Amino acid sequence: MGCLQHCGRAFGLALLGLLAAPLLSAQASQPAAAAAQWDLTDLYPTPQAWRAELERVREAAARLSSYKGTLESSSTGMLRGLDAISRVRRDYLRVAVYASLNADTDIRVAANQESEQQTQSLGTLISEQTAWLAPEIISISGDTITAFVAAEPELGRRFGYFLDNTHRGAPHTLSLEAESLLAAAGNVLQQPGNLHNQFANAELKFPKITLSSGESVQLSAASYTKYRQVAQRADRKLVFDNFWAGWKNYEGTLGSMLTTQVMGDVFSARARRFDSALQSALFPDNMPVDVYRRLVSEANAALPTLHRYLKLRKRVLGISDDLQYYDNYPPLFPPAAAPAFDIDASKRITLEALKPLGEPYLAQLKRGFAGRWMSLYPAEGKRSGAYMNGSAYDVHPYVLLNHNNDFDSLSTFAHEWGHAVHSLLAHDAQPFETADYSTFIAESASIGNEMLLEDYLVANAKSREEKLYYLGNAVESIRTTFFRQVMFGEFELAMHEVLEKGQPLSGQRLSEMYCGLLRRYYGEAEGVMKIDPAYCIEWAFIPHLYYNFYVYQYATSMAGAAYMTDQLQKPGATGVQARERFLNLLRAGGSDYPYELYRKAGLDMATAMPYQALIARMNRLMDQIEALMRQR
Ligand SMILES: [Zn+2]
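Parameters and conventions
Residues numbered from 1 in each chain as written. Predicted model: local features only at pLDDT ≥ 70, side-chain atom pairs only at ≥ 80, totals over all residues. Heavy atoms only, no water. Disulfide = S-S within 2.5 Å. Helix = DSSP H or I, 4+ residues; strand = E, 2+ residues; numbered from the N terminus. Buried < 20%, exposed > 50% of the residue type's maximum accessible area, 1.4 Å probe, protein only. Salt bridge = Lys/Arg side-chain N within 4 Å of Asp/Glu carboxyl O. Pairing = 2+ DSSP bridges. Contact = heavy atoms within 4.5 Å. Axes fitted to C-alpha atoms, helices over the stretch in contact; angles between N-to-C directions.

## Things to note about the state of the cysteines
Tallying each qualifying case throughout the model produces 1 disulfide. Bridging cysteine 515 to cysteine 536, the disulfide has an S-S length of 2.0 Å. Taking the torsion about the S-S bond as the criterion, the cysteine 515 to cysteine 536 disulfide, at about 90°, is right-handed. Taken together, the residues cysteine 515 in helix 22 (residues 507-521) and cysteine 536 in the loop between helix 22 and helix 23 (552-568) connect sequence positions 21 residues apart. Cysteine 515 sits in the buried class, given a relative accessible area of 7%.

If you want it as structure tokens, here you go:
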């Protein structure tokens with residue numbers, strides 16, 4: 001999924017820099033593979049032009065505080081101030097994209113990292129120069145704002161959503177003195193996540209183990225991910241036993257870290273007069289708490305479908321005694337059955353698979369493929385993973401891949417282009433101010449593409465084995481993106497509620513709570529899987545638990561995607577209308593609250609509908625697997 005880096009809003013203000021030394025030119029580093037590298041001259045013709053622009057934006061940013069106190073003067077005055085700030089932000093993002101993409105092209109080039117830091121300090125300057133903005137808007141009466149918007153249509157068109165969203169924060173905005181205190185505490189409240197990152201990625205050490213083949217493996221997060229998939233069951237158990245024992249040694253310390261994080265969330269929520277940490281976390285998106293609760297209740301109602309999958313897995317893997325937690329990871333069917341997908345095949349197949357989205361969608365894809373918008377292949381010093389960066393509103397999205405010709409590469413390709421086309425459609429239809437969309441919507445656009453791709457590959461596979469491989473992948477992705485993320489979401493909610501009730505938390509208590517969830521989700525009482533308490537320390541490993549109710553959006557997005565892709569593939573007018581609603585959802589960008597945008601697209605995320613569509617899809621995929629297995 002890898003959305004953490006590419007999601008528009010999360011990315012938005014995170015980058016920027018000034019070029020202190022010449023940037024590494026992509027063309028210079030890879031003369032033979034120029035077309036494999038993105039062309040950043042679409043952003044700025046030369047590093048010098050970029051540096052000059054950075055200086056210009058810095059000077060413009062330094063003048064933004066002069067608009068303080070002018071917004072209430074008149075509708076024209078309000079438009080003038082908001083327009084000046086918006087222009088600086090827009091230009092800043094373009095400058096930031098250039099620095100960020102250059103830094104990721106080769107992370108070993110110190111000058112590029114310094115440039116990125118310089119853009120980050122410009123971002124900080126903009127925040128400081130506009131810190132007065134939200135308080136000033138909140139201090140203006142709603143009636144005045146309504147009158148201004150009526151008098152100045154451009155104000156409503158570009159800034160209506162922003163004004164409403166900012167004004168909405170009034171009940172949770174404190175006195176100047178209290179706000180300064182909270183701002184000063186912000187850095188302290190971020191430290192549990194930093195502690196966990198430092199401990200988990202740098203200081204926690206694991207033993208060396210010897211696999212049944214005689215291979216010696218130094219355990220780490222990376223080797224855990226690799227070796228938990230091996231076919232030898234005893235080796236999987238060995239990997240699990242040693243990896244989780246490494247975490248278990250620090251259960252108390254890790255429990256304190258996470259408890260401190262949750263205490264911070266509860267503190268901030270109470271300070272801002274929210275009823276709960278959940279309500280506070282959902283507030284920025286104006287997401288009804290009902291959506292979260294509905295997601296959890298529907299996932300629980302669908303556990304028999306997850307259990308059906310686990311029983312199928314047990315049968316396919318040929319496990320005769322109890323299914324164990326470490327049996328989740330080996331692929332259901334061997335990947336060798338799938339052909340290789342080079343970049344040309346990935347483009348061709350993606351265009352074929354996304355045909356149900358219609359010509360206007362495909363036209364945007366072709367436009368993207370014709371440009372040099374992608375960094376395609378792994379290279380020394382290049383950032384790992386994949387992302388789409390659509391923050392340069394006046395230019396076009398850029399896509400970073402590490403394509404290595406396997407099915408995952410193809411799937412990632414379709415996923416990231418889902419984000420890219422979303423940005424293209426939103427940028428065409430929206431002014432800069434309302435183009436940037438929320439994560440809640442973003443992942444539907446990309447996961448929907450993955451689903452259409454899966455269905456296309458299954459339908460066009462050359463052999464039964466190839467079909468089974470795609471089907472196995474598609475079902476497993478529902479376990480990991482839906483059920484697993486909802487389980488994390490339930491765990492997050494439970495942790496916060498314990499502290500909100502004034503009860504204590506500890507590492508041991510967290511492990512007990514996590515054990516309870518694993519047993520319920522994986523059906524221990526139903527005889528589906530046996531949960532070894534030694535693995536209930538898994539919570540300590542999950543960095544997302546420090547992101548304050550973030551992961552639920554993966555699950556809601558997948559459900560939304562399942563519903564939308566179902567609908568738009570319906571024959572006749574129903575399908576055509578559903579396709580238009582989906583494209584309009586993408587075109588709407590960030591012009592309204594994400595829950596409302598979904599509703600306009602015909603989908604109420606607080607009802608059972610999207611979740612049941614996803615579960616129906618999972619059952620359909622398993623029906624196909626079982627039918628193919630009977631053909632043996
Ligand atoms: Zn994504």
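## Description of the pattern of salt bridges
A complete count under the given rule lists 38 salt bridges for this structure. Arginine 383 is the partner of aspartate 104 in a salt bridge, and the nearest nitrogen-oxygen pair spans 3.4 Å. Within this pair, whereas aspartate 104 is found in helix 4 (residues 75-105), its partner arginine 383 is found in the loop between strand 3 (374-375) and strand 4 (387-389), the two being separated by 279 residues in sequence. Given the relative accessible area of 4%, aspartate 104 is considered buried. Judged by its relative accessible area of 30%, arginine 383 falls in the partly exposed class. Residue aspartate 327 is joined to arginine 236 by a salt bridge in which the shortest nitrogen-to-oxygen separation is 2.6 Å. With aspartate 327 in the loop between helix 16 (303-317) and helix 17 (343-353) and arginine 236 in helix 12 (residues 233-248), the pair connects residues that are 91 residues apart, well separated along the chain. For aspartate 327, a relative accessible area of 0% gives the class buried.

## Observations concerning the sheet that holds strand 5 (residues 398-400)
Read across the sheet, 3 strands follow the order 3-5-4 without closing on themselves; strand pairing throughout is mixed. Edge positions in the open sheet fall to strand 3 and strand 4, since each of these has one partner strand only. Both strand 3 and strand 5 contribute to a ladder of 2 bridges, which runs parallel. Residue pairing for strand 5: methionine 374 is matched across the bridge by valine 399. On top of the sheet, helix 19 (residues 407-429) reaches strand 3, strand 4 and strand 5; it is set at about 15° to strand 4, its chief contact.

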